[in-house]
Amino acid sequence: LAKTTQPISMDSYEGQEVNITCSHNNIATNDYITWYQQFPSQGPRFIIQGYKTKVTNEVASLFIPADRKSSTLSLPRVSLSDTAVYYCLVGALNTGGFKTIFGAGTRLFVKA
Amino acid sequence: GAVVSQHPSRVICKSGTSVKIECRSLDFQATTMFWYRQFPKKSLMLMATSNEGSKATYEQGVEKDKFLINHASLTLSTLTVTSAHPEDSSFYICSARDLRGGGADTQYFGPGTRLTVL
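Residues numbered from 1 in each chain as written. Chains lettered and ligands numbered in written order. Predicted model: local features only at pLDDT ≥ 70, side-chain atom pairs only at ≥ 80, totals over all residues. Heavy atoms only, no water.

**Things to note about the nonpolar core**
Move 1: Among the nonpolar cores identified, the biggest contains 26 residues, and Val4, Phe28, Trp35, Phe67, Leu79, Tyr92 and Leu115 of chain B are the most heavily contacted of them.
Move 2: At the level of elements, β2 (10-13), β3 (19-25), β4 (32-38), β5 (44-51), β7 (67-73), β8 (76-81), β9 (90-98) and β11 (113-117) of chain B are the ones that each hand at least two residues to this core.
Move 3: By size, the runner-up hydrophobic cluster in this structure holds 20 residues, among which are Trp35, Ile47, Ala84 and Val110 of chain A. (Core = buried A, V, L, I, M, F, W, Y, C linked by side-chain atoms within 4.5 Å. Buried < 20%, exposed > 50% of the residue type's maximum accessible area, 1.4 Å probe, protein only. Helix = DSSP H or I, 4+ residues; strand = E, 2+ residues; numbered from the N terminus.)

Take a look at the structure:
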């Protein structure tokens, strides 16, 4: 299982762009990178998923360099409601089965 | 994204009783579901992997006789905390694996169940 490393916490202000980087040095060839958002007392919510280069959806962008040993979640123009914990996970389906191991995540605090 | 529900959202019980938590994938079939436990300010800790039609696989340190898991259909997995004690009080979260994305492992999570054992 590829281990991930993220900053423990980050602060930002409303309207700013926030970039959270995750390191996954031993990512396997078949692994995808997935980011989740979690608010207190709620289950994690899927944000975005990618394999390489750049992926963009209505809430975020995911940048993955060519070596795939890291990835960056980009949140454009954050608001107070983006204050949450963000988890980066890597993995893939395979015949041997797969299980998700959550790291500590990054606590993002958005200030007014 | 896909929708996963959990029931109940919160439960308070007396020590020694058993509590059942249901996890349902509402708009897709899930051959594999996962059960997690989360303590305040901590990350999610995987308890077990639930496979439809077969026995669950438990993580090291998780008592299979205490946390009974049943995955009888492609849309429902249940976690029963037997003879609950105050130390079992926690936030329990399930997820369902969505295989429609090809090789990616995409899991959708339920809203969680807050268990308080008095």
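**Some details on the interface of chain A and chain B**
Move 1: Residue-level contacts link 22 residues of chain A with 25 residues of chain B.
Move 2: Carbon and sulfur atoms supply 52% of the area buried between chain A and chain B, which totals about 1,800 Å² over both sides.
Move 3: Counting across the interface, chain A meets chain B through 0 salt bridges.
Move 4: The tally of links between chain A and chain B comes to 7 residue pairs in polar contact (both at pLDDT 80 or more). (Contact = heavy atoms within 4.5 Å. Buried area = accessible area lost by both parts, 1.4 Å probe. Salt bridge = Lys/Arg side-chain N within 4 Å of Asp/Glu carboxyl O. Polar contact = N/O pair within 3.5 Å; in protein donor to acceptor, adjacent residues only side chain to side chain.)

**A word on the sheet that holds strand β3 (residues 32-38) of chain A**
Residue and element names in this part refer to chain A.
Move 1: The mixed open sheet is built from 5 strands, whose spatial order is β1-β9-β8-β3-β4. One side of each edge strand has no neighbouring strand; the edge strands of this open sheet are β1 (9-13) and β4 (45-50). For this sheet, the mean inter-axis angle between neighbouring strands, taken without regard to orientation, is 25°.
Move 2: Here strand β8 (residues 84-91) runs beside strand β9 (residues 106-111); their pairing, made up of 3 bridges, is antiparallel. (Pairing = 2+ DSSP bridges. Axes fitted to C-alpha atoms, helices over the stretch in contact; angles between N-to-C directions.)

**Points about the pattern of salt bridges**
Move 1: Per the counting criterion, the structure on display carries 3 salt bridges over all chains.
Move 2: The partner of Lys111 of chain A in a salt bridge is Asp11 of chain A, and the shortest N-O contact between them spans 3.4 Å. In this pair, Lys111 of chain A sits in strand β9 while Asp11 of chain A sits in strand β1, placing the two residues 100 residues apart along the sequence.
Move 3: Overall, Lys111 of chain A belongs to the partly exposed group, its relative accessible area being 36%.
Move 4: For Asp88 of chain B, the salt bridge identified is with Lys66 of chain B, shortest N-O distance 2.8 Å. Taken as a pair, Asp88 of chain B in the loop between β8 and β9 and Lys66 of chain B in the loop between β6 (57-58) and β7 lie far apart in primary sequence, 22 residues in all.
Move 5: Judged by its relative accessible area of 4%, Asp88 of chain B falls in the buried class.

**Digging into the side chain of Ser71 of chain A**
Residues and elements named next belong to chain A.
Move 1: Of note, Ser71 is situated in strand β7 (residues 70-75).
Move 2: Residue class for Ser71 comes out buried when judged on its relative accessible area of 0%.
Move 3: Here the side chain of Ser71 touches His24 through a polar contact of 3.0 Å, side chain to side chain.
Move 4: In this structure Ser71 touches Ile20, Thr21, Cys22, His24, Ile33, Trp35, Leu62, Phe63, Ile64 and Cys88, once residues within four positions along its chain are discounted.

**What about unusual backbone geometry?**
Leave glycine aside and you will find that most residues have negative phi; peptide bonds, for their part, are mostly trans.
Move 1: Of note, the bond from His7 of chain B into Pro8 of chain B is cis; its omega dihedral lies within 30 degrees of zero at 0°.
Move 2: Looking at the element boundaries, Pro8 of chain B is found in the loop between β1 (4-7) and β2.
Move 3: Here Arg68 of chain A, not a glycine, exhibits a phi torsion of approximately 60°, which is positive.
Move 4: Within the secondary structure, Arg68 of chain A sits in the loop between β6 (61-64) and β7.

**What to know about the pairing of β3 of chain B**
Residues and elements named next belong to chain B.
Move 1: The two faces of β3 differ: Val19, Ile21, Cys23 and Ser25 on one face are buried, but Lys20, Glu22 and Arg24 on the other face are not.
Move 2: Bridging between β1 and β3 involves 4 bridges; their strand directions are antiparallel. Within the sheet, the bridge partner assigned to His7 lies in β3 and is Glu22.
Move 3: Bridge count for β3 against β8 is 6 bridges, and the pairing is antiparallel. By the bridge assignment for β8, Cys23 is matched with Ser77.

**Thoughts on the state of the cysteines**
Move 1: In total, this model carries 2 disulfides over all chains according to the counting rule given.
Move 2: There is a disulfide in this structure between Cys22 of chain A and Cys88 of chain A, and the S-S distance comes to 2.2 Å. Handedness of the Cys22 of chain A-Cys88 of chain A disulfide follows from its S-S torsion of about -75°: it is left-handed. Highlighted residues: Cys22 of chain A in strand β2 (residues 18-23) and Cys88 of chain A in strand β8, separated in sequence by 66 residues.
Move 3: Residue Cys23 of chain B pairs covalently with Cys94 of chain B via a disulfide, S to S 2.0 Å. Judged by the sign of its S-S torsion, about 80°, the cystine formed by Cys23 of chain B and Cys94 of chain B is right-handed. Of the two residues, Cys23 of chain B is situated in strand β3 and Cys94 of chain B in strand β9; the sequence distance between them amounts to 71 residues. Side by side, Cys23 of chain B and Cys94 of chain B carry an identical accessibility label, which is buried.
Move 4: Cys94 of chain B supplies the cysteine sulfur nearest to Cys13 of chain B, a cysteine that is in no disulfide, at a spacing of 18 Å. (Disulfide = S-S within 2.5 Å.)

Shape descriptors only; they carry no functional weight alone.
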